[in-house]
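Chain by chain, the residues run as shown.
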Amino acid sequence: MSSIPNHIAIIMDGNGRWAQARGYPRFFGHVRGSSRVRPIVEEARTLGVKALTLYAFSTENWKRPEEELTVLWKLLRKYIHREVKDLKKNGVRLHVIGEIERLPEGARKELEAAVEELKDGKELQLTFALSYGARAEILNAVKVVAKKYAQCDLKMTEITEENFEKHLATAYLGEFSDVDLLIRTSGEKRLSNYLLWQCSYAEFEFTDTLWPDYSVEQFRQSLENFKQRKRRFGGI
Ligand code: IPE
Ligand code: IPE
Ligand code: MG
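Residues numbered from 1 in each chain as written. Chains lettered and ligands numbered in written order. Predicted model: local features only at pLDDT ≥ 70, side-chain atom pairs only at ≥ 80, totals over all residues. Heavy atoms only, no water.

*Asks:* Pulling in residues and values, what's your account of the site of ligand 2?
*Replies:* Taken together, the residues surrounding ligand 2 are Ile11, Met12, Asp13, Tyr55, Ala56, Phe57, Asn61, Arg64, Arg184, Arg190 and Ser192. With respect to ligand 2, the side chain of Arg190 contributes an N or O atom lying 2.8 Å from an oxygen atom. In this structure, Ser192 approaches ligand 2 through a side-chain N or O atom, which is 2.6 Å from an oxygen atom. For ligand 2, whose free accessible area comes to 390 Å², the fraction covered by protein is 78%. If you tally residues by element for the shell around ligand 2, the top one is strand β2 (residues 51–58), at 3 residues. Grouping the constituent residues of the shell around ligand 2 by class yields 5 nonpolar, 2 polar and 4 charged. (Near = heavy atom within 4 Å. Polar contact = N/O pair within 3.5 Å; in protein donor to acceptor, adjacent residues only side chain to side chain. Areas by Shrake-Rupley, 256 points an atom, 1.4 Å probe, with all protein chains shown as cover. Helix = DSSP H or I, 4+ residues; strand = E, 2+ residues; numbered from the N terminus. Nonpolar A, V, L, I, M, F, W, Y, C, P; charged D, E, K, R; others polar.)

Encoded structure:
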């Protein structure tokens, strides 16, 4: 049994508060926050984590002011430009989950190109959850299953957890689609519509540190804490 979690999901929260605490506009926190992604991805890969799923933008985040959204898409494009070459060299495969058809065309196209460019990566499955909401994800899966059932492609007895999961956005992760460790920064202790199905038996790590201050050392500490957990999955 490995003491390193196979699948880590992170809710990268607290960018706005980080900036406001310093008297900067909120977007400054996103700039700083986006620069924290690289070291965490690199550390996860080095430690042998199989899947890292990062919550970058929720379906509810569409409520934010237009100026903030513009900055976020710009930063996403910058991240791609800056990182794709090294991600490829390091064998990282990129995936996106969420309603990315809602993203501005430029950002969406560059994202899709990066996914294509990194498709041979075998070391780490890196996923960005963008315009993602777990309820929408589950509902989509329900619709696909209902359609198959209505067309007699699926029997009632075949609607099992195992078969259902194959219709979730994370199906490509196969045996690693369940989250082992969920980390949320910024002191909030909630899931905010993130990976509700996949987190059924996840271990939770909540830290008060705001995402722009979240360090590799803290990440390692979270993994240390994970090692101490006794996961029973309902057994004794
Ligand atoms: C997380 O930081 C990044 C996104 C949701 C895009 P926030 O922007 O939520 O920062 P706070 O929580 O307001 O401080
Ligand atoms: C969750 O953070 C989404 C991301 C970090 C991308 P929010 O800041 O949107 O969540 P709430 O509003 O505090 O629940
Ligand atoms: Mg927040």
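That shown, we press on.
*Asks:* So, the site of ligand 1: which residues are in play, and what are the values?
*Replies:* Taken together, Met12, Asp13, Gly14, Asn15, Gly16, Arg17, Arg26, His30, Ala56, Asn61, Arg64 and Leu72 make up all the residues around ligand 1. Gly16 is positioned such that a nitrogen or oxygen atom in its backbone is 2.9 Å from an oxygen atom of ligand 1. At 2.6 Å, a side-chain N or O of Arg64 approaches an oxygen atom of ligand 1. The fraction of the free accessible surface of ligand 1 (380 Å²) that becomes covered by protein chains is 88%. If you list the elements that add at least two residues to the shell around ligand 1, you get α1 (15–21) and α2 (26–34). At 3 residues, α1 tops the list of elements feeding residues into the shell around ligand 1. Residues belonging to the shell around ligand 1 are distributed by class as follows: 3 nonpolar, 5 polar and 4 charged.

*Asks:* Pulling in residues and values, what's your account of the pattern of salt bridges?
*Replies:* In the structure shown here, the tally under the stated rule is 26 salt bridges. Measuring nitrogen to oxygen at the nearest pair gives 2.8 Å for the salt bridge that ties Asp13 to Arg184. Here Asp13 is found in the loop between β1 (7–11) and α1, whereas its partner Arg184 is found in strand β5 (residues 181–184), with 171 residues between them in sequence. You'll find Asp13 and Arg184 in the same group, each marked buried. The partner of Lys109 in a salt bridge is Glu105, and the shortest N-O contact between them spans 2.7 Å. (Salt bridge = Lys/Arg side-chain N within 4 Å of Asp/Glu carboxyl O. Buried < 20%, exposed > 50% of the residue type's maximum accessible area, 1.4 Å probe, protein only.)

*Asks:* Requested: an account of the packing of aromatic side chains, with residues and values cited.
*Replies:* Inspection of every chain in the model, using the stated rule, returns 14 aromatic pairs. An angle of 75 degrees between the planes, with centres 6.3 Å apart, marks the rings of Phe27 and Phe28 as edge-to-face. Since its relative accessible area comes to 37%, Phe27 is described here as partly exposed. By relative accessible area, Phe28 is classed as partly exposed at 35%. Aromatic side chains Tyr79 and Phe128 sit 5.4 Å apart centroid to centroid with 85 degrees between the ring planes, which places their arrangement in the edge-to-face category. Remark: Phe128 occurs in strand β4 (residues 124–132) and Tyr79 occurs in helix α4 (residues 66–89); sequence separation between them is 49 residues. (Phe/Tyr/Trp six-rings, centres within 6.5 Å; stacked < 30°, edge-to-face > 60°.)

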